[in-house]
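Take a look at the letters that make up each chain.
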Amino acid sequence: MHTQLLTRGEFSWILILILPAFLIVGVLMSASAVAGGEDPGEESAATASPEWFRDAVWYQIFPERFRNGDPSNDPTPGSCLGTWPYTVPGDWKVIPWTSDWYKRQEWEMRSGHDFYHTAQLRRYGGDLQGIIDKLDYLHELGVNALYLNPVFDSPSLHKYGARYYHHVDRHFGPDPAGDTRIIESEDPADPSTWKWTSADRLFLDLISEVHSRGMRIIIDGVFNHVGIPFWALQRARSEGPSSKYAEWFEITGWDDPDTDEDEFDYEGWMGIRDLPVFSKKEDGMPEPVRDHIQAILHRWMDPDGDGDPSDGIDGWRLDVAEHRPLSFWRDFRKRVKAINPQAYLTGEVWWDDYNAFRMMNAAPWLQGDVFDSVMNYRFGDHTLRFFNAGEISVREFQRELDLIHQQYGLARILDIQNVMGSHDTARIASAVVNPKYRLDHGANLQSNRRYLVRRPNASEKKVLRMMIAFQFMSPGAPYIYYGDELGMWGADDPDCRKPMIWPDMKFETETAHPYGRRRAVSPVVADLELFRFYQSLIRLRRENAALRHGSLKWINLRSDERVIAFLRTLPDQQVLCLFNAEGDHEVDFQKLIPASSITAGQLRGGEWKPVSTHERDSGLVVEPRGFRIFQRNIPGSG
């Protein structure tokens, strides 16, 4: 999780060369399967997971910026109070959805602050009705699993600092004023007094609409910290050191009533005052907080409390998961799975050493007793470094991915979310325009004024498409950040959180720059050709089980060029994937695959059927920055 106050600065294959005998008998396993003695079709009880995990194509929605389906519930100046920057100009207004992103509105210019200050005060009015209205669009795209950034009641645009966990944000629903009255009639400490607001009920309708389309939905669980207005923190503040809520937080100072100064203070996540952290005492969290979270789990996973979770959410994405001990998450998993054994748990487990570009080995969270998945930023980083920046060789790239597969095991890799970008990184379309910058580094204009904010050109779009294809062909669940399928671009937070580019809207051309610099003029238009490209990859994955369930094996090519070939394999099916990362010439893979390889013989015999139509039909010749996909059924496998 990134917030407006933080800049997050802000495989080796176990067998490097697969034995020729493996190729001859057609035993094609990933390095992790070799290491663990696993077969992709044979999982132990500890690692077995519901089918839908690995059949998922994930789509992340940032609710405030996805679609304004109900302008009558738009935020107000008062709804923005209680979070940074703490004051709201008197002439504040909701920003027009289709305006030039960097263009300052009149109230912003009069505030005397720069773009990145007022950007955190911006609201565009995205809401739950907007998501419901566009479920058919998502179904047409082909995604079948939605992840929503936080939806709980909060004054911030990103909702990572909750005021209440048991209510959806009142401005995401149809009656903010009525919801306020309902909330004020409750005791948030007593679940027996909790009622359903109009926003809550609309969220339940959203869940029902999602499920009716054969899709799943998970939401952000931010259980490490809350917001300043969080009800229990405010009770601790008003009641003083004797408050039973004092133990909920890491309170470092209490107000002295004999002074004018307010000395009340507490530990915030990463030092950010906006995000007070729960205490880490008592094996990771005080029992009263666990009890409150338990009530939250039941409320959203089994809303009517009848023991049937089909009317609830399908799991949780757990924010800054490494900031809570594993013991807490083991207990959390037991509580979640007791409600819905098929619920999906994925954790944000990210940087080990940000300055050293070292991400965490998430294996401790993926042993079967904590999470089902993590956001696999490691995959995205290495993919960008190879295909986009060209800073690592083919062998280095393969070793890096093999290492992840070895550490996590095939069973978990098939369930994992392969992330190329999110609300915390520059968009992939901006990454291809700025290839020299690593994932989550150097893409913030506040610290890097040289970062280019234009849309990608034709050459850069070829790199973009090649990386997306690699994401969809790789083991793991592909993950789309809202709008990437329509070509949205943007630097790191907050620029990656622009309003969704909808085809039915006419947007202002981007000409402004946050620091008044000259920039390329960029028309803001939905890229429907890219949308269809995503559709075709999703369909290809859906129609070829080996891409969802199969192991991976690299084919060792007789080449020093930037070319990659690999197989995805099930007992009855194989998919062959060829990628040419060279930027200036086509490559004939027929000449690169060793003649001794059984794959080469199969290719010559015409057993492989081309299943991608993104390039001209040219045998095994792959154009610069292109790819080709082939499929074959394995005779006698039945």
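Refer to the structure above for everything that follows.
Everything quoted here is computed from the prediction, not taken from an experiment. As a convention, each chain's residues are numbered from 1 in the sequence order in which they are written. Residue-level local features of this predicted model are given only where pLDDT is at least 70; pairs of side-chain atoms are given and counted only at 80 or more, and the full residue set underlies all totals for whole chains, interfaces and linings. Neither water nor hydrogens contribute to the side-chain values; these are computed over all heavy atoms in the structure.

*Asks:* Sorry, what's going on with helix H12 (residues 287–301) here?
*Replies:* Because each turn of an α-helix spans 3.6 residues, side chains separated by three or four positions in sequence point in the same direction. Numbering of helices and strands starts at the N terminus; helices are DSSP runs of H or I of at least 4 residues and strands are runs of E of at least 2. Expected span of a helix: the number of residues minus one, times 1.5 Å. The end-to-end C-alpha distance of H12, which contains 15 residues, comes to 21 Å, matching closely the 21 Å that a straight helix rising 1.5 Å per residue would cover. A 1.4 Å probe rolled over the protein chains alone gives each residue an accessible area, and that area as a share of the maximum for its type sets the label: buried under 20%, exposed over 50%, partly exposed in between. Within H12, 11 of the 15 residues are buried, which leaves it mostly tucked inside the rest of the structure. Within the span of H12, buried status applies to Val289, Arg290, His292, Ile293, Gln294, Ala295, Ile296, Leu297, Arg299, Trp300 and Met301. Tucked into the core, H12 has its buried residues touching helix H9 (198–212), helix H10 (231–239), helix H11 (281–284), strand E6 (315–318) and helix H13 (326–339). Residue contacts follow a heavy-atom distance rule, with two residues in contact if any of their heavy atoms lie within 4.5 Å.

*Asks:* Explanation requested: the nonpolar core in the structure shown.
*Replies:* Within soluble globular proteins, side chains that are nonpolar generally end up buried alongside one another. Core analysis: the largest hydrophobic core is formed by 178 residues, its most contacted members being Tyr59, Phe203, Trp316, Phe332 and Phe579. Sorting elements by how many residues they give to this core places helix H18 (residues 458–473) first, with nine residues. Setting aside residues up to four positions removed in sequence, Phe203 forms contacts with Leu128, Leu148, Val151, Val168, Ile217, Ile219, Trp300 and Ile313. The nonpolar core is taken to be a set of buried Ala, Val, Leu, Ile, Met, Phe, Trp, Tyr and Cys residues, with the residues joined through side-chain atoms within 4.5 Å. Of all hydrophobic cores here, the second largest spans 17 residues; its members include Leu557, Val563, Leu592 and Phe630.

*Asks:* What's the story with the sheet that holds strand E7 (residues 344–347) in this structure? I'm lost.
*Replies:* Strands in a sheet are paired, the pairing made by backbone hydrogen bonds, and the direction either parallel or antiparallel. Strand pairing follows a simple DSSP-based rule, namely that at least 2 bridges must link the two strands. What the eight strands build is a closed barrel, ordered E1-E2-E3-E6-E7-E10-E11-E12; its pairing is parallel. This sheet shows a mean twist of 25 degrees between the axes of neighbouring strands, independent of strand direction. In this analysis, axes come from line fits to C-alpha atoms, helices being fitted only over the stretch in contact, and the angle between any two N-to-C directions falls in the range 0 to 180 degrees.

*Asks:* Hey, could you run me through the sheet that holds strand E15 (residues 573–580) in this one?
*Replies:* The strand order E13-E14-E15-E19-E17 describes an open sheet built from five strands, whose pairing is antiparallel. Every interior strand has two partners, whereas the edge strands, strand E13 (551–554) and strand E17 (609–610), have only one. Pairing of E13 with strand E14 (residues 563–570), which is carried by four bridges, proceeds in the antiparallel orientation. What sits directly across from Trp554, in E14, is Phe566. The sheet contacts of H18 involve E13, E14, E15 and strand E19 (626–633), and relative to E15 the element is tilted by about 155 degrees.

*Asks:* How do you make sense of the environment of Glu64 when you look at a structure like this?
*Replies:* Along the chain, Glu64 turns up in the loop between strand E1 (58–61) and helix H4 (106–110). Note on Glu64: relative accessible area 3%, which makes it buried. As for Glu64 and Asp560, which are separated by 496 residues in sequence, their C-alpha atoms are 47 Å apart. Here Glu64 is in contact with Pro75, Trp97, Arg123, Tyr124, Gly125, Gly126, Leu157 and Phe172, once residues within four sequence places are set aside. Of note is the side chain of Glu64, whose polar atom sits 2.8 Å from the backbone nitrogen of Tyr124. N or O atoms within 3.5 Å of each other form a polar contact, as long as, within protein, one can give a hydrogen and the other can take it, and as long as residues adjacent in sequence are counted only when both atoms are side-chain atoms.

*Asks:* How should I be thinking about a negative patch on the surface in this particular structure?
*Replies:* Within the patch definition used here, like charges are joined within 9 Å and nonpolar side chains (Val, Leu, Ile, Met, Phe, Trp, Tyr) within 5 Å, considering only residues with over 30% relative accessible area and no salt bridge. Every accessible area reported is derived by Shrake-Rupley at a probe size of 1.4 Å, with residue values counting cover from the shown protein chains alone. In the sections that follow, a salt bridge refers to a side-chain nitrogen of Lys or Arg positioned within 4 Å of a carboxyl oxygen of Asp or Glu. Asp and Glu count as negative and Lys and Arg as positive, but His and the ends of the chain are not part of the count. Working definition for charges: the position is that of NZ of Lys, CZ of Arg, CG of Asp or CD of Glu. Judged by side-chain charge, Asp255, Asp256, Asp258 and Glu261 come together as a negatively charged surface patch. Assignment of secondary structure puts Asp255 in the loop between strand E4 (251–253) and strand E5 (265–266).

*Asks:* What am I meant to see in the pattern of salt bridges here?
*Replies:* Opposite charge on two side chains makes pairing possible when the charged atoms of those side chains draw close. This model, assessed by the stated rule, comprises 43 salt bridges. Residues Lys103 and Glu508 are paired through a salt bridge, measuring 3.0 Å at the closest nitrogen-oxygen approach. Here Lys103 is found in the loop between E1 and H4, whereas its partner Glu508 is found in the loop between strand E12 (477–481) and helix H19 (528–543), with 405 residues between them in sequence. By relative accessible area, which is 32% here, Glu508 ends up partly exposed. Taken together, the shared-partner salt bridges connect Asp220, Arg317, Asp319 and Glu348 into one network.

In short, shape yes, function no, at least from these values alone.
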